[in-house]
Amino acid sequence: MIPLPKPSSAERPFPQAVWWKRWWRRLPPSRQDRFATLGPLLAVLLFLSAIVVAITYLRYEELEREQEAVTRDVEYAQQRLRLRLLERQEQLMRLAREIGNKEIENEEFEFQAESLVSQFPELLAISWVDSRRNVLASYASPSAPSMLTRPVGSVLAAGETDGTFELARDLRQPVYSRPLGEDARNATLMLHVPLSEQGRFSGTIMGEYAIDGLMRFGIPPEIMARYAVALVDDRDRVLAGSLQTPESVLRLLPWSNPPLEHAVPVSPVGNGLILKAQGYRTSQDIVGSGFFWVIGALSVLTVWMLLGTWRHTRRRVQAQQALMAETNFRRAMENSMLTGMRALDMQGRITYVNPAFCSMTGWTEGELVGRTAPFPYWPEEDHDQLAARLEDELRGRSTPGGFEVRVRRRNGSIFDARMYVSPLIDPRGHQTGWMTSMTDITEPKRIREELSASYERFTTVLESLDSAVSVAPLGSDEMLFANKMYRLWFGTRGQGHRHLVDLAGNQPSPSPDDGDAVDAFAGMPTETLTDAGAENAEVFVEELDRWLEVRTRYLTWVDGRLAQMVIASDITPRRFAEEQASRQAERAQTASRLITMGEMASSVAHELNQPLTAIANYCNGMISRLQEQRISPDELLGALEKTSRQAQRAGQIIQRIRAFVKRSEPNPTLSDVGQMVNNAIELADIELRRQQVRLSPYVAARLPHLMVDPILIEQVLINLLKNAGEAIVQAARAPGERYVELRVGPRHLDGQEVVEFSVRDSGNGVPDELIERIYEAFYSTKSEGMGIGLKLCRSIVESHHGRMQVQNIYNGEEVVGCCFSFWIPVVSRLQGQGAASGPAAKPLTDTERAR
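Residues numbered from 1 in each chain as written. Predicted model: local features only at pLDDT ≥ 70, side-chain atom pairs only at ≥ 80, totals over all residues. Heavy atoms only, no water.

(A) Representation of the overall build of the protein chain. Each helix and strand counted, the protein chain has 22 helices and 26 strands in total. Counting only residues that meet the buried cut, the protein chain has 37% of its 851 residues in that class. (Helix = DSSP H or I, 4+ residues; strand = E, 2+ residues; numbered from the N terminus. Buried < 20%, exposed > 50% of the residue type's maximum accessible area, 1.4 Å probe, protein only.)

Have a look at this one:
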């Protein structure tokens, strides 16, 4: 290279371009050719180097941003999946607490499990397992595999839970299993929530998830659309979703970067379940494509001069074709539009109508273009109104929201339409007219009118109800809706609504010392509360002096707020009727006891006559021996002791009769079964001995106490024993066949512990056609019977939550007796205290018995 000569002092004032030209002329031709060749090459190399550096830097920046986006999106998807798992876990834990508190039984558990499985598709099955791995209750989705359907009573295999059952038992915490199943695509995830009963492990609530369901319902759709997402296990098996294979990744050039990916363990499952996502290559490989296009550009530049004319002609043809395609496309759009379009010039003359406008009105384009007002599609009776509207339209006074008009078709029919008017601006920005769009609103208007009429009917129905209906947001006195009866009782304010909710006892209230202004109900899941069932309560409102049945239900209001609906019905007449019926039932029970003792009067008198006769004999003997002075003090003391025992015997009989017939309020207490049976036998055996009937009682030992009114249970036993004796007498059995058996023992019935009482006699039984009628009031198979004994007996048993039944005893085809039995459920002492403080249960109706 020749060094550049420094300009002389005489040359420095000249311009720089003149200096470079003079230096260029001094170079030899060979050097000039070399510079002419190397100069553009160096310039191109420098340009390409700058482009490569810039592209490389931008590529690394782009890769870093894409990796950050993948990481952020995968973490967000993992959080969404984690929240969904925690929500299901919380619901199963709430179900476990209800089971631990014995608030629900097997049937209620299956109902709630079915509700959860149907509401959340990722849940395949929910099972209640005791501490010995026995399945107490279970519900599986209809779409679940057959192996997840576990019948009640089956036992979980040791390897079926992968050790999570034992881990939940040891940790007393919810434990997730690793993905289970040989087939990776049908793998399931198991959650064990421990159950505790008085601090002891009593089993688990086992929830089984479909990993594919977690994928479909737990991952946001936008993440699924943006990435190739999959759930894999610790062995890198794909359980759900799909990942890109190396063959499926499109690479424009061999050195293109592989797709970006990120993996994160799914909490709270752990490292056994991993969420993995790979980004789709939505952008081209800039580096590879850049080199490709640089080489292509250089190649094009080499032949550009040869193909310049041809390219110019080709571009003109392409531009013309594009213009024609655009024109055809716009024409096709106009022809396919369902909205009618009409253009007016500044004088109100129609300059354009599209096919939809012609189809609506029935007039052709040639008949409409060029017409002035009045237009042929104007109804004659609306000419003045439409002319005024056209004048406002031409002067720019039309409303942006459009206006409704009536339009006449060519066949004379009328339809409703809405028109929108906007200025028509040409490419130079000048207004050349007005563009009007017309939409047929006949059907929407009809639907709107029907909805309005339906709303009026619905409001009329609510206003005419004899129950008060009100809707208010949670934690607010604002009234969203109140019908006529509510306004009549409580006015238009929301205090009445809150008062009814407070009386019903189901209104959550924020803490009074909470100074935060945040809504106390923030964060509550509206879907769950909306799906909750209605709650009923019977309350007394002092301001109205009425008994009201209050039913509450949560719902989502039209603006998305969580609200509570209250329906209050006046039940004062029903309450009075129930109280009167209770008093009548109490009087009937007392009358029945008096009737029973009246029927047994002769037997009781005979029973009392024995000790009284013995007392008289002892007294007469002592008087005569004292008069004759033939009795010693020891003999006198022995005679007095025998007299005292006979007097105590008579007093016990009288005391037992007095306690039996005494009228008192029903008083359920924890009563000893043996004592009740002995008291009943003591009174009933008097009549049975008179009838020469042998009574054989069989009472099991160590029977639990029952929460009953002992007097009422004794009344049932006495009535059944007395009826058994009368049936034997009526059957005229031989003395050796006159017997009654009373059996009392424990029994397990329908999943609960009960004590069963049965009375068997050797009479003629009850005819089959009369078995269904013997419990009817005032119906009796005895000529002198009143027909209220068995009716009262069944009412008493059902008021103690028990059941009563009758069946004949057969010897072959011959009826050799009858058996009346009833059972009373056994309750714990804690439940018994609650039952003693609460109201007595009501007897069942005939419909409830049929169920």
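Let us keep going from here.
(B) Up close: helix H13 (residues 495-504). Of the positions making up H13, those classed as buried are Gly 496, His 497, Leu 500 and Val 501. Take H13 and look down its axis: the buried residues cluster within an arc of 135 degrees, on one side only. Buried residues along H13 sit against strand S15 (468-473), helix H12 (484-490), strand S17 (535-541), strand S18 (546-556) and strand S19 (562-570). Gly 505 sits one or two positions beyond H13 and adopts a positive phi of about 80 degrees. (Arc of directions from axis to C-beta. Contact = heavy atoms within 4.5 Å.)

(C) How the structure looks around the sheet that holds strand S26 (residues 814-825). The strand order S21-S23-S24-S26-S25 describes an open sheet built from five strands, whose pairing is mixed. Two strands in the sheet have a free side with no partner beyond their single neighbour: strand S21 (694-699) and strand S25 (803-811). The mean inter-strand angle of the sheet, taken between neighbouring strand axes irrespective of direction, is 20 degrees. On top of the sheet, helix H18 (residues 673-690) reaches S21, strand S23 (739-749) and strand S24 (752-761); it is set at about 175 degrees to S21, its chief contact. (Pairing = 2+ DSSP bridges. Axes fitted to C-alpha atoms, helices over the stretch in contact; angles between N-to-C directions.)

(D) Focus on the nonpolar core. Counting 47 residues, the largest nonpolar core has Phe 109, Ile 126, Ile 205, Tyr 209, Leu 231 and Leu 275 as the members making the most contacts within it. Counting residues per element, this core draws most heavily on helix H2 (residues 29-100), at 10 residues. Not counting the four nearest positions on each side in its chain, Leu 275 is found in contact with Val 74, Ala 77, Gln 78, Ile 219, Val 229, Ala 230, Leu 231, His 262, Ala 263, Val 264 and Val 266. (Core = buried A, V, L, I, M, F, W, Y, C linked by side-chain atoms within 4.5 Å.)

(E) Examining the confidence of the model for the protein chain more closely. For the protein chain, mean pLDDT is 78; residues scoring 70 or higher make up 75% of the total. Note that residues 834-843 has pLDDT below 50 and, in this model, nine contacts with residues that lie over four places away or in other chains. (pLDDT = per-residue confidence, 0-100.)

(F) Spatial organisation of the pairing of S17. Bridge analysis of S17 against S18 gives seven bridges, and the strand direction is antiparallel. Opposite Glu 538, over in S18, you have Glu 549 as the bridge partner. Counted between consecutive antiparallel strands, the loop separating S17 from S18 contains four residues, among which Asp 545 sits at a positive phi close to 55 degrees.

(G) Structural context of the pattern of salt bridges. By the definition in use, this model includes 39 salt bridges. When the shortest N-O distance is used, the salt bridge between Arg 561 and Asp 559 registers 2.7 Å. For Arg 561, a relative accessible area of 32% corresponds to the partly exposed category. Here the salt bridges share partners, and the residues they tie into one network are Glu 404, Asp 416, Arg 418, Lys 445 and Arg 448. (Salt bridge = Lys/Arg side-chain N within 4 Å of Asp/Glu carboxyl O.)

(H) Representation of the packing of aromatic side chains within the structure. Across all of its chains, the model carries nine aromatic pairs by this definition. Here Tyr 486 and Phe 490 contribute two aromatic rings whose centre-to-centre distance is 5.2 Å and whose plane-to-plane angle is 40 degrees, an arrangement assigned as tilted. Linking Tyr 486 with Phe 490, this pair stays in helix H12, spanning four residues, or about one helical turn. Taken as a pair, Tyr 486 and Phe 490 share a single burial class, namely buried. (Phe/Tyr/Trp six-rings, centres within 6.5 Å; stacked < 30°, edge-to-face > 60°.)

(I) Summary view of the environment of Pro 220. Its location among the elements puts Pro 220 in the loop between helix H5 (211-218) and helix H6 (221-226). For the pair formed by Pro 220 and Arg 80, sequence separation is 140 residues and the distance between their alpha carbons is 7.6 Å. If we ignore the near neighbours within four places in the chain, the residues touching Pro 220 are Tyr 76, Ala 77 and Arg 80.

(J) Here's a closer look at the sheet that holds strand S5 (residues 200-210). If you walk across this open sheet you meet the five strands as S2-S1-S5-S4-S3, and the pairing is antiparallel. Of all strands in the sheet, those with a lone pairing partner are strand S2 (135-140) and strand S3 (175-176), marking the two edges. Of the pairings in the sheet, the one linking strand S1 (residues 123-130) to S2 comprises five bridges and is antiparallel in character. Within S2, the position partnered with Ala 125 by the bridge is Ala 140. Of the strands in this sheet, strand S4 (188-197) and S5 touch H5, which is tilted by about 65 degrees from S5.

(K) Looking closely at the side chain of Thr 436. Residue position: Thr 436 is located in strand S14 (residues 431-440). Looking at Thr 436, its side chain comes within polar contact range of the side chain of Glu 393, at 2.9 Å. Look past the residues within four positions of Thr 436 in its chain and what remains in contact with it is Gly 340, Met 341, Arg 342, Glu 393, Met 419, Tyr 420 and Val 421. (Polar contact = N/O pair within 3.5 Å; in protein donor to acceptor, adjacent residues only side chain to side chain.)

(L) Structural view of the pairing of S19. Note: S15 against S19, six bridges, orientation antiparallel. If you follow Val 469 over to S19, its bridge partner there is Ile 567. Judged from the nine bridges that link them, S18 and S19 form a sheet pairing that is antiparallel. Paired with Glu 549 across the bridge in S19 is Ser 569. The hairpin turn running from S18 into S19, its antiparallel successor, is five residues long, and Gly 560 in that turn takes a positive phi close to 90 degrees.

(M) Region of the structure containing the environment of Val 816. One can find Val 816 in strand S26. Judged by its relative accessible area of 26%, Val 816 is partly exposed. When the C-alpha positions of Val 816 and Asn 764 are compared, they lie 6.0 Å apart, and in sequence the two are 52 residues distant. Apart from the residues lying within four places of it in its own chain, the contact partners of Val 816 are Arg 733, Asp 761, Ser 762, Gly 763, Ile 809, Tyr 810 and Asn 811.

(N) The packing of H18 against helix H19 (residues 710-731), seen in detail. Orientation of H18 relative to H19, taken along the N-to-C sense of each, is 30 degrees, at an axis distance of 9 Å. Comparing the axis directions of H18 and H19 gives the class roughly parallel. Of the two elements, H18 crosses H19, and the hand of that crossing is right-handed. Contact residues: H18 offers Met 676, Val 677, Asn 679, Ala 680, Leu 683, Ala 684 and Leu 688, while H19 offers Pro 710, Ile 713, Glu 714, Leu 717, Ile 718, Leu 721 and Gly 725. Per-class residue counts for the contact of H18 with H19 are 11 nonpolar, two polar and one charged. (Parallel < 35°, antiparallel > 145°, perpendicular 65-115°, else oblique. Left-handed = near helix turned anticlockwise from the far one by under 90°. Nonpolar A, V, L, I, M, F, W, Y, C, P; charged D, E, K, R; others polar.)

(O) A look at the state of the cysteines. What the rule picks out here adds up to zero disulfides. Free cysteine: Cys 818, not disulfide-bonded; nearest cysteine sulfur from Cys 819 at 7.1 Å. Judged by relative accessible area, which is 2%, Cys 818 ranks as buried. (Disulfide = S-S within 2.5 Å.)

(P) Examining unusual backbone geometry more closely. In this structure, the amide linkage connecting Ser 267 to the following residue, Pro 268, adopts the cis form with an omega of 10 degrees. Look at the link from Ala 373 to Pro 374: it is a cis peptide, with omega at 0 degrees. Although it is not a glycine, Gln 198 sits at a positive phi angle of roughly 55 degrees. According to the relative accessible area criterion, Gln 198 is exposed, its value standing at 72%. The backbone of Asp 545 shows a phi angle near 55 degrees, a positive value even though the residue is not glycine.

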